[in-house]
Amino acid sequence: MELKHRPAQPRTRTPRAAHTGLDVLVTSVASDAHTWNLIYLQLLLEESGHRVTNLGACVPDQLLVDECLARRPDLVVVSTVNGHGLNDGRRVIEQLRSHPELRDTQVVIGGKLGIAGSEQGDQIAELTKAGFNAVFPDGAAITGFNDFVQAIPARSARRALPLAGAR
Ligand code: B12
């Protein structure tokens, strides 16, 4: 619907944020059909000024790999809540890291990673060892995730780094 009267333009402009926002891929894993976790993460990230592509639930491994290779996101956020996160996560990160182009991509995983009562400490250790940059189990404060994301420079900014510091 077209607006007949345009609302008045604000007189002042919000100063541009120093952080220009990241290209983020939000995804679940092949076995997981839950979706509200993904919507939550998308809204959270968009609210902080990031651009989100949400692949949705039950994402086949190869689709995730293909999307990462095609989009080269600054950050991949894997969410899983059905209790199979440890196995799914290990398999997915192994496939992503097997591509040289994705070895340095920031990839995190979070949610209800195992079934109730399973050891969160072990899950974090295993998933980190498998190649995730960070693991956010259920119950972890969301501020930890926000701080982690905020510390990632966008790829455009990384390209502009002096060669000595670039990876
Ligand atoms: C709705 C629901 C469903 C719906 C999903 C519909 C849909 N379109 O999403 C349906 C009916 C399909 C479903 C199916 C199943 N479900 Co279900 N489901 C739920 C329920 C009731 C709510 C989930 C929800 O939407 N929460 C709202 C979102 C916003 O919150 P969230 O998912 O908890 O995510 C939060 C955090 O985990 C965190 N988070 C998540 N990911 C990430 C990632 C990062 C990086 C970070 C930082 C944070 C983060 O942030 C979110 C906000 O706090 C929960 C129980 C509950 N009360 O949580 C069970 C639950 C998740 N389901 C469960 C199970 C077992 C199943 C089934 C296996 C049941 C079955 N036997 O068929 C199937 C699995 C299907 C599959 N293939 O995955 C279990 C998982 C057990 C576990 N992990 O210990 C739960 C916990 C129920 C229970 N108590 O047993 N489910």
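Structural notes, computed from the coordinates. (Residues numbered from 1 in each chain as written. Predicted model: local features only at pLDDT ≥ 70, side-chain atom pairs only at ≥ 80, totals over all residues. Heavy atoms only, no water.)

Brief notes about the overall build of the chain
Okay, step 1: When you go through the chain residue by residue, the secondary structure sums to 6 helices and 5 strands.
Okay, step 2: By the burial criterion, 35% of the 167 residues in the chain qualify as buried.
Okay, step 3: Summarising the internal contacts of the chain: among those between residues at least 6 apart in sequence, 80% fall at separations of at least 24.
Okay, step 4: Carbon and sulfur atoms make up 54% of the accessible area of the chain, which totals about 10400 Å². (Helix = DSSP H or I, 4+ residues; strand = E, 2+ residues; numbered from the N terminus. Buried < 20%, exposed > 50% of the residue type's maximum accessible area, 1.4 Å probe, protein only. Contact = heavy atoms within 4.5 Å. Areas by Shrake-Rupley, 256 points an atom, 1.4 Å probe, with all protein chains shown as cover.)

Here's the deal with the coordination of the cobalt atom of the ligand
Okay, step 1: You will see that the cobalt atom of the ligand has only one donor from the protein, H34 (NE2), lying 2.2 Å away.
Okay, step 2: Tracing the sequence through the fold places H34 in the loop between β1 (23-27) and α1 (36-47). (Donors = N, O, S within 2.8 Å, 3.2 Å for Na, K, Ca; no water.)

Overview of a nonpolar patch on the surface
Okay, step 1: Where nonpolar side chains cluster on the molecular surface, the patch consists of W36, I39 and L43 and spans about 370 Å² of accessible area.
Okay, step 2: For I39, a relative accessible area of 34% gives the class partly exposed. (Patch = residues over 30% accessible without salt bridge, like charges linked within 9 Å, V, L, I, M, F, W, Y side chains within 5 Å. Salt bridge = Lys/Arg side-chain N within 4 Å of Asp/Glu carboxyl O.)

A short note on the sheet that holds strand β2 (residues 51-54)
What links the strands of a sheet is backbone hydrogen bonding, and the strands pair in either a parallel or an antiparallel sense.
Okay, step 1: The strand order across the open sheet formed by 5 strands is β2-β1-β3-β4-β5, and the pairing between neighbours is parallel. Pairing within the sheet leaves two strands with one partner each, and these edge strands are β2 and β5 (134-137). In this sheet, adjacent strand axes meet at a mean angle of 20° when their direction is disregarded.
Okay, step 2: Sheet topology places β1 next to strand β3 (residues 75-80); 4 bridges connect them, and they run parallel. Across the sheet, residue L25 finds its bridge partner in β3, namely V76.
Okay, step 3: Along the sheet, helix α2 (residues 61-71) makes contact with β1, β2 and β3, crossing β1 at roughly 175°.
Okay, step 4: In the packing of helix α4 (residues 120-130) onto the sheet, contacts are made with β4 (106-111) and β5, and the angle to β5 comes to roughly 155°. (Pairing = 2+ DSSP bridges. Axes fitted to C-alpha atoms, helices over the stretch in contact; angles between N-to-C directions.)

Comments concerning the packing of aromatic side chains
Okay, step 1: In this structure the tally under the stated criterion is 2 aromatic pairs.
Okay, step 2: When the centroid spacing of 5.3 Å and the interplanar angle of 85° are considered together, the rings of F136 and F145 count as edge-to-face. The two residues F136 and F145 agree in class, both being buried.
Okay, step 3: Between F136 and F148 the ring centres are 6.0 Å apart and the planes differ by 75°, which places this aromatic pair in the edge-to-face class. (Phe/Tyr/Trp six-rings, centres within 6.5 Å; stacked < 30°, edge-to-face > 60°.)

Examining the pattern of salt bridges
Okay, step 1: For the structure shown, the criterion picks out 6 salt bridges.
Okay, step 2: Between R71 and E67 there is a salt bridge; the shortest N-O distance is 2.6 Å. Of this pair, R71 and E67 both sit in helix α2, separated by 4 residues, roughly a single helical turn.
Okay, step 3: Judged by its relative accessible area of 44%, R71 falls in the partly exposed class.
Okay, step 4: Its salt-bridge partner being E126, residue R90 comes within 2.2 Å of it at the nearest N-O pair. With R90 in helix α3 (residues 85-97) and E126 in helix α4, this residue pair connects regions lying 36 residues apart in the sequence.
Okay, step 5: Under the relative-accessibility criterion, R90 is labelled partly exposed at 29%.
Okay, step 6: Three or more residues are tied together by salt bridges with common partners; here these are D61, D88 and R91.

Concerning α3
Okay, step 1: Taking 1.5 Å per residue, 13 residues should reach 18 Å; α3 reaches 17 Å between its end C-alpha atoms and fits that length.
Okay, step 2: The set of residues buried in α3 consists of G85, D88, G89, V92, I93, L96 and R97. Projected down its long axis, α3 carries its buried residues within an arc of 145°, all on one side.
Okay, step 3: Contacts from the buried residues of α3 go to α2, β3, β4 and α4. (Expected span 1.5 Å × (residues − 1). Arc of directions from axis to C-beta.)

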